[in-house]
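Structural overview
Here is how the chains run, residue by residue.
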Amino acid sequence: MAIILAKVTKIYRSGEVETYALRDVDLTLENGTFNVVLGPSGSGKSTLLNMMSGLDTLTSGTLTIDDAQISAMNHKELTRFRRHNLGFVFQQYNLLQTLTVRENVQIGAQIATDPLEPEEILKRVGLENHLHKYPFQLSGGEQQRVSIARALVKQPKILFCDEPTGALDEATAKDVLAILQALNETMQTTILLITHNPSIAELGDHIIRMNSGEIVDVLTQKNKRRAADIHWT
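Note that the coordinates shown come from a computational prediction; the quantities given were computed from them, not determined experimentally. (Residues numbered from 1 in each chain as written. Predicted model: local features only at pLDDT ≥ 70, side-chain atom pairs only at ≥ 80, totals over all residues. Heavy atoms only, no water.)

Regarding the packing of aromatic side chains
Per the stated rule, a full pass over the model turns up three aromatic pairs. Centroid distance Phe88 to Phe160: 5.8 Å. Interplanar angle 20°. Geometry classified as stacked. Of this pair, Phe88 sits in strand S6 (residues 86–90) while Phe160 is found in strand S7 (residues 158–162), placing the two residues 72 residues apart along the sequence. An angle of 15° between the planes, with centres 6.2 Å apart, marks the rings of Tyr134 and Phe136 as stacked. (Phe/Tyr/Trp six-rings, centres within 6.5 Å; stacked < 30°, edge-to-face > 60°. Helix = DSSP H or I, 4+ residues; strand = E, 2+ residues; numbered from the N terminus.)

Written out as C-alpha cells, the structure reads:
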C-alpha cells in the first residue's frame, strides 16, 4: 500500500498554548518499501507514526493510503481499516503473560479476515519450538519476535514499528531487524520503522530525517545493508 501525506500538521493545545508536533509534512511512501524515520527525541517521529497509522488524528492536511482517505474516516471506519490492513510492533512487547506464545499470536489471527496459521508465522520468526512457552520463559529478543509474529499473522499491508529494538542488546537487535528485513522482502509488507539509532537507517530503501516536527531530508538508498552487517552505534 502506498502512503501519501499532504500538508499534514498536528497541533497539541493546552489552554492557549499551541505546540506544533508536525508542521506541513509532505511525504509519499511506495508499496513494499522499507522506510526508516530517523531523528532525535522530540523531533516528531512518534507523532508521524501515530498520524500515518490512524492512532491519532490530524489537525490539518490529508492522509491517503492507496485509495482510502484515512483523514476523512470516522472512528468506526478507522478501526476497521487498521484491523484489516495495519500491524504494529512497539518497544514494549505488550504480550499477555497468562497466554502461551501460540495463544498470543492467535489473538492477532482472530481479528483478521485472511490470517496465516500461527505455527507458520512463528516458524518464520524462528520460534517454532516455543509454541507452548509463556512470555516470562523467553528472552527479550524472543518476546519481541512473538510481538512481530502477532502483528504479521493477519498479513497486514503496512507494518509500523516504534523503536522495536530499543530495549535489546546489539546482537539481539540485529536478529530482530534481520527478521523484519526478510519479512519485508518475502511478504512485500511495507514497513515504517522509527528509531534514534542512525545505524538502523542503513537498512532502509528510504531514510526520512526529522527535526522539530518537520521532514528535513528524504534519502533514497540503493545499496542497503543486511542487518547483520550494520555498524552499531
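With respect to the nonpolar core
Counting 39 residues, the largest nonpolar core has Leu122, Val125, Ile148, Leu159, Leu177, Leu180 and Leu193 as the members making the most contacts within it. Looking at this core, the element that brings in the most residues is helix H6 (residues 170–187), giving six residues. For Leu159, the contacting residues outside a window of four places in its chain are Gly87, Phe88, Val89, Ala151, Leu152, Leu180, Thr189, Thr190, Ile191 and Leu192. Membership of the second largest hydrophobic core comes to 26 residues, among which are Leu48, Ile65, Ile194 and Ile208. (Core = buried A, V, L, I, M, F, W, Y, C linked by side-chain atoms within 4.5 Å. Buried < 20%, exposed > 50% of the residue type's maximum accessible area, 1.4 Å probe, protein only. Contact = heavy atoms within 4.5 Å.)

Comments concerning the side chain of Thr189
Locating Thr189 in the fold gives a position in the loop between H6 and strand S8 (190–195). With residues near it in sequence (within four places) discarded, Thr189 still touches Gly32, Thr33, Leu152, Pro156, Lys157, Ile158, Leu159, Leu183 and Asn184.

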